[in-house]
Amino acid sequence: MGDDHTTNHTIGVTGATGALGGRVAARIARLGRSQRLIVRDINRAPEYPGSSAAMAAYEDSSGFERACRGVDTLFLVSATESEERIDVHLSAVDAAVRAGVSWIVYLSFLRAGPASTFTFSRTHFFTEAHIRSTGVRYTFLRPSLYLDLLPDWVDDDGVVRGPAGEGRIAWVSRDDVADVATAVLTDPLAALTSEGTSHDITGPEALSLEQTADRLSTLTGRPIRYEPQTWEEAVESRRSGGAPAWAVEGWVSSYAAIAAGELDVVAPTVPELTGHPAQSIEGFLRRHPSALSHVAV
Ligand SMILES: NC(=O)c1ccc[n+]([C@@H]2O[C@H](COP(=O)([O-])OP(=O)(O)OC[C@H]3O[C@@H](n4cnc5c(N)ncnc54)[C@H](OP(=O)(O)O)[C@@H]3O)[C@@H](O)[C@H]2O)c1
């Protein structure tokens, strides 16, 4: 693995030390393509034939610009949620454009809008708007909530609590999001049809949290149920761990976005761009049979 800042037409992959970017990097490597992995900790960069690594955080404007030099297409994974996330993203976008990146494939979020109920989603809207304003070529990948994190929504007593009402969501696996991202980044036809567009990326079926809990219960044989909360109850229960108000609002508003119907989307993107069906809850549990082992039988 070298520190190659000069290769042209290289794909740059950020977040390669994380779950989504790591999956994309592994897929690009399996296709035998070269890539630059831009990471915050060079010692944690995965190593693949044809990959190089560069170290920079998004907020390190000059470092990120250096890391992007020679990168033609940049897969920009959204940063960890924080109060500063919008500034962090804008810094990365501006640095990438200064470095000469010609196409940014940005990991956004489903139905991101300026007044999205899910507060973390708003920063995606403003990041998308900023990317557009730079004139760089772009594609926005807009996944639903990750199916992989659904087990975390179930407590040890088998209860999913939150103010999600009867709204529905089509949970999507990280593997499917990574497959879509990889297709867009490496397949010329997918790239062509993706330029200047947004792709909603969802699972195959939208379910309420009650239906989700019933499904999990049937599939695992563990007693899992949904218990609706009011907004106030949800905030109170999540505040107790000492989390800051913006984080609590973000978590609770993800349930409220489901209740508001804002995540009730089933998109054909996974089958259309990857050629395989989107992973269902059943399929996910087949691959991860112990995902709900924390729930008492
Ligand atoms: N749709 C959903 O349900 C959902 C759920 C959670 C998060 N998300 C969003 O989707 C993103 C990707 O998900 P994931 O599961 O791959 O998350 P993850 O495993 O936490 O990975 C995030 C990656 O982004 C890197 N990163 C974070 N902030 C950065 C910064 N300021 N500068 C440079 N690199 C930074 C991290 O680097 P380090 O390894 O150095 O930390 C890590 O490699 C998350 O970052 C978050 O924005 C979506």
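In the block above lies the structure referred to throughout.
For every chain, the first residue of the written sequence is number 1, and numbering continues from 1 onward in sequence order. The predicted origin of the model limits local features to residues at a pLDDT of at least 70 and limits the giving and counting of side-chain atom pairs to 80 or more, whereas totals for whole chains, interfaces and linings rest on all residues. The side-chain figures draw on all heavy atoms in the structure; neither hydrogens nor water molecules are used.

(A) Fine view of the side chain of Ser217. Locating Ser217 in the fold gives a position in helix H7 (residues 209-220). Polar contact is defined as a pair of N or O atoms within 3.5 Å, subject to the rule that within protein one atom must be able to donate a hydrogen and the other to accept it, and that residues adjacent in sequence are counted only when both atoms are side-chain atoms. Within the structure, Ser217 has its side chain in polar contact with the backbone nitrogen of Ile224 (distance 3.1 Å). In what follows, residue pairs with any heavy atoms lying within 4.5 Å of each other are defined as contacts. Leaving out residues up to four positions away in the same chain, Ser217 has contacts with Arg222, Pro223 and Ile224. Numbering of helices and strands starts at the N terminus; helices are DSSP runs of H or I of at least 4 residues and strands are runs of E of at least 2.

(B) Focus on helix H4 (residues 119-134). Between its terminal C-alpha atoms H4 stretches 24 Å, which fits the 22 Å expected from 16 residues at 1.5 Å a residue. Residues Thr119, Phe120, Ser121, Thr123, His124, Thr127, Glu128, His130 and Ile131 constitute the buried set of H4. Contacts from the buried residues of H4 go to helix H3 (85-99), strand S5 (103-107), strand S6 (137-143) and helix H9 (245-259). Gly135 lies just past H4 and shows a positive phi near 85 degrees. Here the expected length of a helix is defined as 1.5 Å per residue gap, with one fewer gap than residues. A simple rule labels every residue: compare its accessible area, found with a 1.4 Å probe on the protein chains alone, to the largest value its type can have, and call it buried under 20%, exposed over 50%, or partly exposed in between.

(C) Spotlight on a negative patch on the surface. Residues enter a patch when their relative accessible area is above 30% and they make no salt bridge; the linking distance is 9 Å between like charges and 5 Å between nonpolar side chains (Val, Leu, Ile, Met, Phe, Trp, Tyr). Here the open area of atoms and residues is found with the Shrake-Rupley method and a 1.4 Å probe, where only the protein chains shown may cover a residue. A carboxyl oxygen of Asp or Glu within 4 Å of a side-chain nitrogen of Lys or Arg is what we treat as a salt bridge. The positive count covers Lys and Arg only, the negative count covers Asp and Glu only, and His and the chain ends enter neither. A charged residue contributes its charge at one atom only: NZ of Lys, CZ of Arg, CG of Asp or CD of Glu. Side chains of Glu59, Asp60, Glu83, Glu84 and Asp87 sit close together on the surface and give a patch of like negative charge. Within the secondary structure, Glu84 sits in the loop between strand S4 (71-76) and H3. You can call Glu84 partly exposed: its relative accessible area is 47%.

(D) Spatial organisation of the pattern of salt bridges. Enumeration over the complete set of coordinates arrives at 17 salt bridges. Its salt-bridge partner being Asp175, residue Arg23 comes within 2.8 Å of it at the nearest N-O pair. Of this pair, Arg23 sits in helix H1 (residues 19-30) while Asp175 sits in helix H5 (residues 174-186), and the two are 152 residues apart along the sequence. When sorted by exposure, Arg23 lands in the same class as Asp175, which is buried. The salt bridge partner of Arg215 is Glu282, with a shortest N-O separation of 3.2 Å. Of this pair, Arg215 sits in helix H7 while Glu282 sits in helix H11 (residues 281-287), and the two are 67 residues apart along the sequence. Through salt bridges that share partners, Arg23, Arg27, Asp148, Asp175, Asp179 and Arg287 make up one connected network.

(E) Inspection of the nonpolar core at higher detail. As used here, the term nonpolar core means buried Ala, Val, Leu, Ile, Met, Phe, Trp, Tyr and Cys residues forming a set that is joined through side-chain atoms within 4.5 Å. The biggest cluster of nonpolar side chains holds 56 residues, and the ones touching the most others in it are Phe64, Leu74, Phe75, Leu76, Ile104 and Leu141. Discounting chain neighbours no more than four positions away, the residues touching Leu76 are Thr14, Tyr58, Phe64, Ala92, Val93, Ile104, Val105, Tyr106 and Leu107. One finds Val154, Ala213, Leu216 and Ile281 within the second-largest nonpolar core, a separate group that totals 30 residues.

(F) Region of interest: unusual backbone geometry. Even without being a glycine, Arg111 presents a positive backbone phi close to 55 degrees. Turning to its location among the elements, Arg111 is positioned in the loop between S5 and H4. The exposure class assigned to Arg111 is partly exposed, which follows from its relative accessible area of 45%.

(G) Quick peek at the side chain of Thr119. Within the element layout of this structure, Thr119 appears in helix H4. Classification of Thr119 as buried rests on a relative accessible area of 13%. Residues in contact with Thr119, not counting those within four places in the same chain, are Glu249, Gly250 and Ser253.

As far as function goes, none of this settles anything; it's purely spatial.
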